[in-house]
Amino acid sequence: MENGGLRRAYGALFAEVDAGGFGPAPEGQLSAEQIVAHLVANDELMIQATEALLAGSPFAYYELAEDVHRPQLDALVAEQGGLRGVSALLHGTSDRLCALVDQLGLAVETPVETHLREGFDLVVDEPLPWSRTLDLHARVHLPKHQSQLHLLRA
């Protein structure tokens, strides 16, 4: 699979993160730090599924809840020292995910039991070829969070 679209989506997201100047999140929404931590957690889940496919597993599982538990996101942000730290971590996880996807070859079409729910924009509860889930991540999930970050700019 050519994952240039995935790399471009991360690049656009990082441009938004690097622009900085984020204000507080509206009530009930994620802060900039929590959004980036959420994406780190998501990358880790996608890495696990991709590694399973690379290991030859005929089955993989990927589940991302709408709200990856906020206390865990806050703990990750604190552990990494704030936005700069979680952003650096996201650079690493995104690079690792893209590198693994580059290695998939035909295994990218393996069906992966996929459970996603992020608002009303992204709801999936079925096996999908991993290429389709990666495409949703690049075309819907990352741009959604890029837009959220943009709206948080003070």
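## Things to note about the overall build of the chain
Piece 1. Summing up its helical and strand segments, the chain has 5 helices and 3 strands in all.
Piece 2. Each helix and strand of the chain, ordered N terminal to C terminal, gives the series α-α-β-α-α-β-β-α.
Piece 3. The C-alpha radius of gyration of the chain comes to 15 Å, within 12% of the 15 Å expected for a compact globule of 154 residues.
Piece 4. Seen through its principal axes, the chain has C-alpha atoms that stretch 45 × 25 × 25 Å.
Piece 5. Counting the 154 residues in the chain, one finds 47% classified as buried.
Piece 6. Pairs at least 24 residues apart make up 74% of the contacts formed inside the chain by residues separated by at least 6 positions.
Piece 7. Element-wise, carbon and sulfur atoms account for 55% of the exposed surface of the chain, whose accessible area totals about 7,600 Å².
Piece 8. Between the centroid of the 10 positive side chains of the chain and the centroid of its 22 negative side chains there is a distance of 5 Å.

## With respect to the environment of phenylalanine 14
Piece 1. By the secondary structure assignment, phenylalanine 14 is in helix H1 (residues 4-19).
Piece 2. Phenylalanine 14 sits 95 residues away from glutamate 109 along the chain, and the two C-alpha atoms are 28 Å apart.
Piece 3. Every residue in contact with phenylalanine 14, bar those within four places of it in the chain, is listed here: Ser87, Leu90, His91 and Ser94.

## Some points on the packing of aromatic side chains
The relative placement of two aromatic rings is captured by the distance of their centres and the angle of their planes.
Piece 1. All told, the structure shown has 2 aromatic pairs when counted by the stated rule.
Piece 2. Judged by centre distance (5.5 Å) and plane angle (75°), the rings of tyrosine 62 and tryptophan 130 are edge-to-face. Remark: tryptophan 130 occurs in helix H5 (residues 130-152) and tyrosine 62 occurs in strand S1 (residues 61-64); sequence separation between them is 68 residues.
Piece 3. You can call tyrosine 62 buried: its relative accessible area is 2%.

## Notes on the packing of helix H2 (residues 32-54) against H5
What describes two packed helices is the angle between their axes and the distance between those same axes.
Piece 1. Interhelical geometry of H2 versus H5 gives an angle of 170° and a closest axis separation of 11 Å. Overall, the two elements H2 and H5 adopt an arrangement that is roughly antiparallel. On H5, the residues that touch Ala32, Ile35, His38, Leu39, Asn42, Asp43, Met46, Ala49, Thr50 and Leu53 of H2 are Trp130, Thr133, Leu134, His137, His141, Leu142, His145, Gln148, Leu149 and Leu152.

## Here's the deal with the confidence of the model for the chain
Piece 1. Looking at the chain, the pLDDT average stands at 90 and 93% of residues meet or exceed 70.
Piece 2. Least confident of the elements in the chain is S1, whose mean pLDDT is 77; most confident is helix H4 (residues 83-103), at 97.

## Comments concerning the side chain of glutamine 34
Piece 1. Structurally, the position occupied by glutamine 34 is in helix H2.
Piece 2. In contact with glutamine 34, not counting residues within four places along its chain, are Gln29, Arg70, Leu73, Asp74 and Val77.

## Considerations on the pairing of S1
It is a general feature of regular strands that their side chains alternate between the two faces of the sheet.
Piece 1. The alternating pattern of S1 places Tyr62 and Leu64 on a buried face and Tyr61 and Glu63 on a face that is not buried.
Piece 2. Pairing between S1 and strand S2 (residues 111-118): 4 bridges, direction parallel. Bridge pairing in S2 links glutamate 63 to histidine 115.

Definitions and cut-offs
- Residues numbered from 1 in each chain as written.
- Predicted model: local features only at pLDDT ≥ 70, side-chain atom pairs only at ≥ 80, totals over all residues.
- Heavy atoms only, no water.
- Helix = DSSP H or I, 4+ residues; strand = E, 2+ residues; numbered from the N terminus.
- Rg over C-alpha atoms; globule rule 2.2 N^0.38 Å.
- Buried < 20%, exposed > 50% of the residue type's maximum accessible area, 1.4 Å probe, protein only.
- Contact = heavy atoms within 4.5 Å.
- Areas by Shrake-Rupley, 256 points an atom, 1.4 Å probe, with all protein chains shown as cover.
- Lys, Arg positive; Asp, Glu negative; His and termini not counted.
- Charge placed at Lys NZ, Arg CZ, Asp CG, Glu CD.
- Phe/Tyr/Trp six-rings, centres within 6.5 Å; stacked < 30°, edge-to-face > 60°.
- Axes fitted to C-alpha atoms, helices over the stretch in contact; angles between N-to-C directions.
- Parallel < 35°, antiparallel > 145°, perpendicular 65-115°, else oblique.
- pLDDT = per-residue confidence, 0-100.
- Pairing = 2+ DSSP bridges.

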